[in-house]
Amino acid sequence: MLRTSASRVLDDSDRDEVLALLDTDPVANVFVASRVRSVGLNPARLGGQMWGFGPRGALVSLCYAGANLVPINAGPEAVHAFADRARKQGRRCSSIVGPADAVGQLWERLEPHWGRARAIRWAQPVMATSRRPPVPADPLVRRVRPEEFEILLPACVAMFTEEVGVSPNLGDGGALYRTRVSELIRIGRSYARIEGGRVVFKAEIGAVTPHACQIQGVWVHPDLRGQGYAVSGMAAIVEAALDCFAPVVTLYVNDFNHSARAVYRRVGFHEVDTFMSVLF
């Protein structure tokens, strides 16, 4: 294995080169690219560090090290360098997430030092579409209004707990999570069907770049599942995303969630990649 370059912490002087690398795969990298485009590479604004592998002017790989550890275009040498930095720094993230090969290699190197994970999602299909849905959209799905925050929040908490396996209210009492939910409402990227003060369906557009946007937090009230709300609701979200945000809409889903994958296929999504997540 070549050891020609260790990883280094990047800063705003590297922004253009970082974005150029991220844009080589705008679907896989939409989350990190959205963060960098919004706030740059200063760790205080980014909410973590961006590590680079390769000399200035010839970056090969990246790794976002914040609440999530996200390898980008990371081959074996880059994985080695990023794992070495992560091991020395100690675990600060709540998950490792990204392309399955790189995450698997990172975790193989970090597990002996970080200990067992709470859960591992070995295969999470990444799905994308650039076409308007072939099924009717729910006309009652709309942007959530700021005054509806307290109506939406319990649905968001329920979705997070169901998906991740722990409540977002642990640790800081949910302060950071409440802030994120509120921010998505404020910037017009939170959508729901709300009837009689109850959320029927909801989803958010969590990351946006000029090239792609990522849907997250898809949820249907448990009493109403199996009645078609997910299909028509997702169709509405995809239409809104294509009209307002980006030419490609993407998401990723657990491979064992067959019902969700079927919904997304009906709306027009197809699989383009595979992610893996290690949850702590």
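What counts as what
Residues numbered from 1 in each chain as written. Predicted model: local features only at pLDDT ≥ 70, side-chain atom pairs only at ≥ 80, totals over all residues. Heavy atoms only, no water. Phe/Tyr/Trp six-rings, centres within 6.5 Å; stacked < 30°, edge-to-face > 60°. Helix = DSSP H or I, 4+ residues; strand = E, 2+ residues; numbered from the N terminus. Buried < 20%, exposed > 50% of the residue type's maximum accessible area, 1.4 Å probe, protein only. Lys NZ or Arg CZ within 6 Å of the ring centre and 35° of its normal. UniProt positions renumbered as here; feature names shortened; annotations may be inferred. Pairing = 2+ DSSP bridges.

1. What about the packing of aromatic side chains?
Stage number 1. Inspection of the entire model under this criterion finds seven aromatic pairs.
Stage number 2. Their ring planes at 75 degrees and their centres at 5.8 Å tell us that Trp 114 and Phe 280 sit as a pair that is edge-to-face. Of this pair, Trp 114 sits in helix 5 (residues 100–114) while Phe 280 is found in the segment after strand 12 (270–279), placing the two residues 166 residues apart along the sequence.
Stage number 3. Here Trp 114 falls in the buried class, since its relative accessible area comes to 15%.
Stage number 4. Within the aromatic cluster, the residues linked to one another by ring pairs are Trp 107, Trp 114 and Phe 280.
Stage number 5. The residue whose ring lies beneath Arg 85 is Trp 51, and the NZ or CZ to ring-centre distance is 5.8 Å.

2. Thoughts on the UniProt feature "domain: N-acetyltransferase" (unreviewed entry) in the protein chain
Stage number 1. Under the local residue numbering, the UniProt record ascribes the feature "domain: N-acetyltransferase" (unreviewed entry) to residues 139–280.
Stage number 2. In residues 139–280, helix accounts for 38% and strand for 29%; the two terminal C-alpha atoms are 39 Å from one another.

3. Quick word on the pairing of strand 5 (residues 95–99)
Stage number 1. Along strand 5, four of the five residues are buried, which leaves the element largely enclosed by surrounding structure.
Stage number 2. Two elements, strand 4 (residues 68–72) and strand 5, share two bridges in a ladder whose sense is parallel. Following the sheet pairing, Asn 68 is matched in strand 5 by Ser 95.
Stage number 3. Bridge count between strand 5 and strand 12: five bridges; the pairing is antiparallel. Looking at strand 12, one finds that Ile 96 is bridged to Val 278.

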